[in-house]
Amino acid sequence: MSTAALHVDHHADHHHKESFISKYVFSMDHKMISKQFLITGIVMGMVGMIMSLLFRLQLAWPDEQFGILETLLGKWAVDGKLDPNFYMGLVTIHGTIMVFYVLTAGLSGTFSNLLIPLQLGARDMASPMMNMLSYWFFFASSVVLLISVGVETGPASGGWTVYPPLSALEKAMPGSGLGMTLWLTAIALFIVSSLLGGINYISTVLNMRTKGMSMNRMPLTIWAFFFTAILGLLSFPVLLGAALFLIFDRSFGTSFYLSDIYLEGVGALENIGGSPVLYQHLFWFLGHPEVYIILMPALGITSEVISTNARKPIFGYTAMIISLMGISFLSFIVWGHHMFITGMNPFLGSVFMILTLIIAVPSAVKAFNYLTTLWKGNLRFNPAMLFSIGLVSFFISGGLTGIYLGNAALDIQLHDSYFVVAHFHLVMGSAAIFGMFAGIYHWFPKMYGRMMNKTLGYFHFWLTFITAYLVFFPMHFMGLAGVPRRYYQFTLVKEFDVWMDVNKLITVSAIVAGFAQLLFLWNFFYSIFKGKKSEQNPWQANTLEWSTPVERIHGNWPGEIPTVYRGPYEYSRPDREEDFFPQYIPDESAPEVLQPEETQKAPSEKEEETVETSVFFAAIKRVFGLS
Amino acid sequence: MKFNTLRVLNNSLIKKTLVLLFTVLTPLFALAASDVIEPPKEFSISNFDWVSIFTVVLILLMILVIARAFDIGSLTEKLTGKTIVSWNNVNAYVGIIVLILGMIGVWYELNYHGKYLKLGNSASEHGSTYDSMFYWTFGFTFFVFVVTEVLLFYFMFKYRYNENRKALYYFHNNKLEVIWTIVPTIVLTFLVLRGFNTWSKITTDIPKDSQEIEVFAYQFGWKARYAGEDKELGNTNFNFISGTNPLGVAEDGAIKELIVELEGEVAKLKVKQATAADSIKVWKAKYDRMVSTGLNRTYPEDFKAVKDQYNDAISGAYERQLEKDIKRKKTALSRIAEYRKDKDFFNGKASDDKITTELVLVKNKPYVFKFRARDVIHSAYMPDFRVQMNCVPGMPTQFAFTPTMTTEQAREIKGNKEFDYYLYCNKICGGAHYNMKIKVTVVESEAEYLTWLATQAPFVAPALPAAPATPSTTDSATTTTTPTVALK
Ligand code: HEM
Ligand SMILES: [Cu+2]
Ligand SMILES: [Cu+2]
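The structure presented is a predicted model; accordingly, all values stated were derived computationally and were not measured. (Residues numbered from 1 in each chain as written. Chains lettered and ligands numbered in written order. Predicted model: local features only at pLDDT ≥ 70, side-chain atom pairs only at ≥ 80, totals over all residues. Heavy atoms only, no water.)

### Here's the deal with the site of ligand 1
Residue and element names in this part refer to chain A.
Part 1: Ligand 1 sits among 25 residues. The nearest are Y87, H94, W160, H425 and R486.
Part 2: Interatomic distance of 2.8 Å between a side-chain N/O atom of Y87 and an oxygen atom of ligand 1.
Part 3: In the environment of ligand 1, an oxygen atom lies 2.9 Å from a nitrogen or oxygen atom belonging to the side chain of R485.
Part 4: Placement of ligand 1 is best described as lying within the largest cavity.
Part 5: When contributions to the shell around ligand 1 are tallied by element, the ones reaching two or more residues are α3 (30-60), α5 (84-120), α14 (418-448) and α15 (454-480).
Part 6: With seven residues, α5 is the single largest residue contributor to the shell around ligand 1.
Part 7: Looking at the shell around ligand 1 residue by residue, the class counts come to 16 nonpolar, six polar and three charged. (Near = heavy atom within 4 Å. Polar contact = N/O pair within 3.5 Å; in protein donor to acceptor, adjacent residues only side chain to side chain. 1 Å grid on protein atoms, 1.4 Å probe; cavity = no way out; pocket = protein on both sides within 12 Å on 5 of 7 lines; lining within 4 Å. Sits in = over half its atoms within 2 Å of the grid points. Helix = DSSP H or I, 4+ residues; strand = E, 2+ residues; numbered from the N terminus. Nonpolar A, V, L, I, M, F, W, Y, C, P; charged D, E, K, R; others polar.)

### Thoughts on the confidence of the model for chain B
Residue and element names in this part refer to chain B.
Part 1: The predicted model of chain B averages 81 in pLDDT, with 78% of residues at 70 or higher.
Part 2: Low pLDDT, under 50, characterises residues 1-11; the predicted model gives this stretch 22 contacts beyond four residues in sequence or across chains.
Part 3: Note that pLDDT drops below 50 for residues 464-488; the model gives that stretch 48 contacts with residues more than four away or on any other chain. (pLDDT = per-residue confidence, 0-100. Contact = heavy atoms within 4.5 Å.)

### Examining the packing of aromatic side chains
Residues and elements named next belong to chain A.
Part 1: Enumeration according to the criterion identifies 100 aromatic pairs over all chains in this entry.
Part 2: For the ring pair F111 and W443, a centre distance of 5.9 Å and an interplane angle of 50° mean the geometry is tilted. With F111 in helix α5 and W443 in helix α14, this residue pair connects regions lying 332 residues apart in the sequence. Note on accessibility: F111 and W443 belong to one class, buried.
Part 3: Arranged with centres 6.1 Å apart and planes meeting at 85°, the rings of W462 and F465 form a pair that is edge-to-face. On the criterion of helical spacing, the pair formed by W462 and F465 is a turn pair, its members being three residues apart in helix α15. (Phe/Tyr/Trp six-rings, centres within 6.5 Å; stacked < 30°, edge-to-face > 60°. Buried < 20%, exposed > 50% of the residue type's maximum accessible area, 1.4 Å probe, protein only.)

### Observations concerning the coordination of the copper ion (ligand 3)
Tetrahedral coordination by four donors places them ideally at 109.5 degrees to one another around the metal; octahedral coordination by six donors ideally gives 90 or 180 degrees.
All names here are of chain B.
Part 1: In this structure, H378 (ND1), C425 (SG), C429 (SG) and M436 (SD) serve as the protein donors to the copper ion (ligand 3), at separations of 2.1 to 2.5 Å.
Part 2: One way to put it: the four donor atoms around the copper ion (ligand 3) meet at angles of 93 to 121°, and that makes the site tetrahedral.
Part 3: Binding-site remark: the copper ion (ligand 3) is held by donors from one chain whose sequence spacing is H-x46-C-x3-C-x6-M. Here C425 lies in strand β9 (residues 421-425) and H378 lies in strand β6 (residues 378-382), a separation of 47 residues in the sequence. (Donors = N, O, S within 2.8 Å, 3.2 Å for Na, K, Ca; no water. Tetrahedral: all angles 85-135°; square planar, octahedral: opposite > 155°, others 65-115°.)

### Description of the sheet that holds strand β5 (residues 367-373) of chain B
Residues and elements named next belong to chain B.
Part 1: Strand order in the open sheet formed by five strands is β3-β2-β1-β5-β8, with mixed pairing between adjacent strands. Among the strands making up the open sheet, the edge pair consists of β3 (354-356) and β8 (397-401). The sheet shows a mean angle of 25° between the axes of neighbouring strands, direction not considered. (Pairing = 2+ DSSP bridges. Axes fitted to C-alpha atoms, helices over the stretch in contact; angles between N-to-C directions.)

### Digging into the sheet that holds β6 of chain B
Residues and elements named next belong to chain B.
Part 1: The strand order β4-β10-β9-β6-β7 describes an open sheet built from five strands, whose pairing is mixed. Each of the sheet's edge strands pairs with one partner strand only, and the pair in question is β4 (359-362) and β7 (387-391). Averaged over neighbouring strand pairs, the angle between their axes works out to 25° when direction is ignored.
Part 2: Sheet topology places β4 next to strand β10 (residues 437-443); four bridges connect them, and they run parallel. For V360, the partnering residue across the bridge sits in β10 and is T441.

### Points about helix α9 (residues 300-315) of chain B
Residue and element names in this part refer to chain B.
Part 1: Given a rise of 1.5 Å per residue, 16 residues ought to cover 22 Å, and the 22 Å separating the end C-alpha atoms of α9 matches this to within 8%.
Part 2: Looking only at α9, the buried set comprises F303, V306, Y310 and A313. The buried residues of α9 occupy one face: seen down the axis, they fall within an arc of 90°.
Part 3: In this structure, the buried side of α9 is in contact with α7 (276-293), α8 (295-298) and α10 (317-340).
Part 4: Phi turns positive, to about 85°, at G316, one or two residues after α9. (Expected span 1.5 Å × (residues − 1). Arc of directions from axis to C-beta.)

### Topic: a nonpolar patch on the surface
Residues and elements named next belong to chain B.
Part 1: A surface patch of nonpolar side chains, about 420 Å² in accessible area, is lined by F143, V147, V150, L151 and Y154.
Part 2: Mapped onto the elements of the fold, F143 is located in helix α4 (residues 125-158).
Part 3: Residue classification places F143 among the exposed residues on the basis of a relative accessible area of 58%. (Patch = residues over 30% accessible without salt bridge, like charges linked within 9 Å, V, L, I, M, F, W, Y side chains within 5 Å. Areas by Shrake-Rupley, 256 points an atom, 1.4 Å probe, with all protein chains shown as cover. Salt bridge = Lys/Arg side-chain N within 4 Å of Asp/Glu carboxyl O.)

### Observations regarding α3 of chain A
Part 1: Given a rise of 1.5 Å per residue, 31 residues ought to cover 45 Å, and the 44 Å separating the end C-alpha atoms of α3 of chain A matches this to within 8%.
Part 2: Between the side-chain oxygen of the N-cap and the backbone nitrogen of K31 of chain A there are 2.7 Å, and the N-cap of α3 of chain A in question is D29 of chain A.

### Brief notes about the interface of chain A and chain B
Part 1: With 164 residues of chain A in contact, the opposing surface of chain B contributes 141 residues.
Part 2: The contact between chain A and chain B buries some 13700 Å² in all, and 69% of this surface belongs to carbon and sulfur atoms.
Part 3: Inspection of the region where chain A meets chain B yields three salt bridges.
Part 4: Between K427 of chain B and D416 of chain A there is a salt bridge, and its shortest N-O distance comes to 2.8 Å.
Part 5: For the side of chain A that touches chain B, the leading source of residues is helix α11 (residues 346-374) of chain A, giving 15 residues. (Buried area = accessible area lost by both parts, 1.4 Å probe.)

Written as C-alpha cells, this is what we have:
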C-alpha cells in the first residue's frame, strides 16, 4: 500500500512537470501512444483507400479521362488517364499501407498499447521508453513511405510482395529505382518499430499483471495481442533479412536473388547462382504469419465486444485460446501455399497443402464459438457490436475460400487471379478493418472520455458492410473465370469484356464505401471534442479498464491497482441481479463456484509490479554494471 | 524509488536527444523531398470535375444534417423518457433484410455470372479432374457458408435485446466443441486426399511420349520454340541472348556474331574510357554555359538532361558505369568462350529449332511446356486449360498437360466465332504486364499442325548462313498471325 501511495504522489507531481512536447509528442504514456498509433493509422488508411479508389477508376472506365486525376497526379495521369507504371505503384503502396501501416501498426499498435496495461492492471508498459520509440520509428517509416510516392520515377511498383528480380533491377521498371529504395527503408524502420512494440507487449503480459490476474483470467483481447506479438517477434526479423539481401543485390552487386538475367538495353548480367524463389520463401515466412498478425487482434477485440454486448460469457474461452495457439503455431509452417506454382518440388507442395488445410480447423472452431456466443444471448446492437458481427460474417465468407486456395491442385487455376483478391480482402482486409472499427467504437470512451454518435455509427456500419460485400464478392467470379490480378486494364482481352459491368459496379460501390468512411471520420473527430461525456463503464463491461476514471490519468488508477477476482466473461450470472459482474468487484457472498475452471486458482501471491519496475531497464542496468 | 533516477534520465536526456534528432531529421527529410518530389503541376481549375466536387460538398452537408438530426432525436428521447425509435430492433430487422437480399444476390450471381465461369468446359485432360474437385469443394463450402451466415443473422434477430430476459449463462460444452472440431477435420481430410492425388498426378505423371515445347517469357511478350526435323530442342544459355538470337540458343553461327558484337562494344567503351576526361570537360562547359546564359530556365527539359550528365560526370558515376559495362561484357565473353569449348553443348540441335510467336497444339496429344524467363519472373497462365506455372530466371520450370478441345470446338461451345485461347502473363512483371499474352491454337489433327510448322522458319535457314530471327522487342500478341484458321 505504501508503495502505491508513493507512486500516486509521484505521478501527481510528474504530471505538472510535463511539457507539451513530452505529453503529446514524445509521450511515454501508453494511452497517448495508443492514440498516436490510431490517428496515424487512420490517416494512412485514408491514403490507402483513396489510392484504391484512384486505381478502381481506371479499372472501371479505362477509356474515360478524369481531369481530377491529372490535377492530383500530374505527369502520372496525363490527359486524365492513369499511367500503367503508376497504376502498379498505387496498387503496391495501397497494399503496403493497408497491410503494414493500417492493420499491423494501426490496429495492433493502437489496441495492444491501450488495452494491455489497462486490462491487466498495470500502470504502463514494461518499457514506456521503448514504447515511445516504437511509435516514432513507425512515424518515420510512414513519412518515408509517403515521400516515396512523390519521387520522380514513381513509388515501388512490384506489388506489395516486391518480388525480385523485378524489384531488384532498376532497369526492369521505373518504380524499382529510388521508389524501391525508399520502400525498403520504410519497411526496415517499420520492422524496428514492430519489434520494439512486440517485445514490450510480451514482457508486459508476462510480468505486469495485477494481483489475481492469472493468465487464464486474461481477456481474450490480451491473449490475441500476446500471440500476435510473439508471431511478429519471430517473423519480422526474417523479413528484415530478406530485405537486407535485397538491398545487397540492388546496391552492392551480390546475387542472392539473381541469376541468368538478360535485360533489354543492358545485356547479360553478371549475376549467377542466386534464386528469386529464395526471396519468396523468406518473404512468405513473414507473409503468412503477417496475415494472422493482422487478424488475431481483430478476433480478440471481437471476442470481447461480442461477449459484452451479448451479455453472455464467451463460449469456449479455453477453446478460443487453444485455437489461437494452434493458429499461431501452424502459421509458421504453411507459407508455401503462396508458392505452389513457383516450380518448387511438387512433394513440398503437398506437405504445405496438408498443413494449410489443418489450419482451417482452429479457424472453424473460432467461427462456431462466436455463433454459439450469440445463441441465446441478449444482444445490444451498438456500433461496436455490429462491426463485430460484420467481422464474423467476413471471417466466414473469406475463410471458406481459403480452403480452395490452400489446395495446391485448385490453386493452379486460382493463383494470382481475382479470386485471391476477393479472398484476402474479405478475410484479412474487411474482417480486420471491421475489428478495428469495433475496437474504436467500443474503446473510444476510454480513449477520449466521450461517446461517439451511435446513429452515425449504424449508418457507417450498414453502408460499409453492404458495399464491402458488393466490392469483393463479385471478384470471386472474375477470378474463377481466369481474370488475372494486377492488370492495369482488361479491355485488351476480348474475353474479359463481360466483366466490365462488374468492374463498374465494384468501383461505384467502392466510392460509396469511401463516402461512408467520411461519416466515420466526422463522427470520430467531432466526438473527440463535442461528443457526449462518457460514464465510467458505458457498456457495463467486466474488464479492468472500465475501473479507471473517465479522465485518463498517468498511471491509470488514482489509488491502488484493483485486484482481480474472477474471469472476464461473467455476464448474466443467474445469481446476480445485474447482468454483469466486473472482474474487480469482490465477491460479497458466494465464492467462485459458478465458474468451475476458476475454482482452484487462488489469487496469485506475486508482488504487484508497477510501472517503474521496468524489466528492461533493470536488465540493461545489470548488463552495464550500473548497480 | 531507485528507478526514479532512470526515469529522469529517460525524460530529460534521451528525450532531448530525440527532439534534437528529429529537429535535425525533419529538415533533412524536407530537403530530400524537395529534390525528389517533382514540383506540382500548375493548378488549373478546368482540371476539376465540378460535378464530383459538388457531390462531395452535398454529401458532407448531408452528414452534418444527419448528425444534428439524431442528436436532437436522442435529446427528445431523454427529455420525454420515451423511446421513439428502438434502434436495437431496427438493426435486427435491417440485419434480416440484408441477409435475405444478400442471399438473393448470391443466387443471382451464381446464375448470372456463373455461366461465364470456365468451370465445366475445361480444354485439357486434367482439367476435368480439376473441375470435379472444384465442385466438391464448392458444395461443401457453399453449404457451410449459407448455414453459418443464416445462423449469424438469425441469431442477431432472434436474440436482440429484451430487458425482461437474461442471456444464458453458458461457458462451454465439450461434446459440442469436439463435434465441430472433428467434423471439419473429416471433411478437410477428404478434400486434402483428393487434392493430394490430383496434384501429384498433374505434377508428376508425365507421359513418356510428350512433346516438349519451350515457352520463353520476357518483358513483355512470349516466344515458343519447337524442335525441328531432329525432334529435339537445342541447348540454351542466357549469355547467348542477342538481338538476332532472342532465346539464346547454342548455335555456333549466332554465337560467333555475338562475340564480334560484344568485342566491338568493349572496344568502343574503352575508347570512351580513354577520352572520359575530355568528355567531362565538355559537359561541364555545356552546363556552365546554360546556367550562365539563363538557358536552363528557358529549356528546363534540355537542361535536366545536361544536368544529369554533369552530375554523373563530376560524381564519377560516368566512369564507374563505363568500367562496370566493360567488366560485364568481358564476363559474358569469357563465359561464352567457356561454353564453346564444350562440344556436347554445341551439338547442332538448335539450328533447326523453330521460334514462333504463337502456340499451336494438337488435340489429345500430351505436351510438356518447358518455361524460361529472360529478365524477371513471369507466369504462364492458360485458364482454359487449368494450367499455370511461373517462369523464373535461372530456374527452369515445366507443366505437362494434354489439350482436349480444339479452338473450333471451343468457339462452338461458347457461341463466339472470335474466341481464341490465350496464354497470359500472371505474375506482375512491369508496366505492360497487362498486355503480355500469346495466342494458343488447338487443332484437330497432326497434319494441320505440321502444315503450320512448315510455315515457320528454322533458326538457321538451310541455305543461308544466319537468318535473322524476329527482334525480341516486339510484342508477340501484336505480331501474331493466324495460320491455323487460314488453313481451313
Ligand atoms: C476501399 C476499400 C478497398 C478497395 C476498393 C480495394 C481494392 C483493391 C483492388 C481492386 C486490388 C487489386 C488490384 C490489382 O490486383 O490490380 C487491391 C489490392 C490489394 N489490397 Fe485492396 N482494396 C481495399 C481495401 C483494402 C484493405 C482494407 C486491405 C487490407 C488488407 C487491402 C489490401 C490489399 C492488398 C494487400 C492488395 C494487393 C496489392 C498487390 O497486388 O500488391 N485493400 N485492392
Ligand atoms: Cu498464407
Ligand atoms: Cu510478364
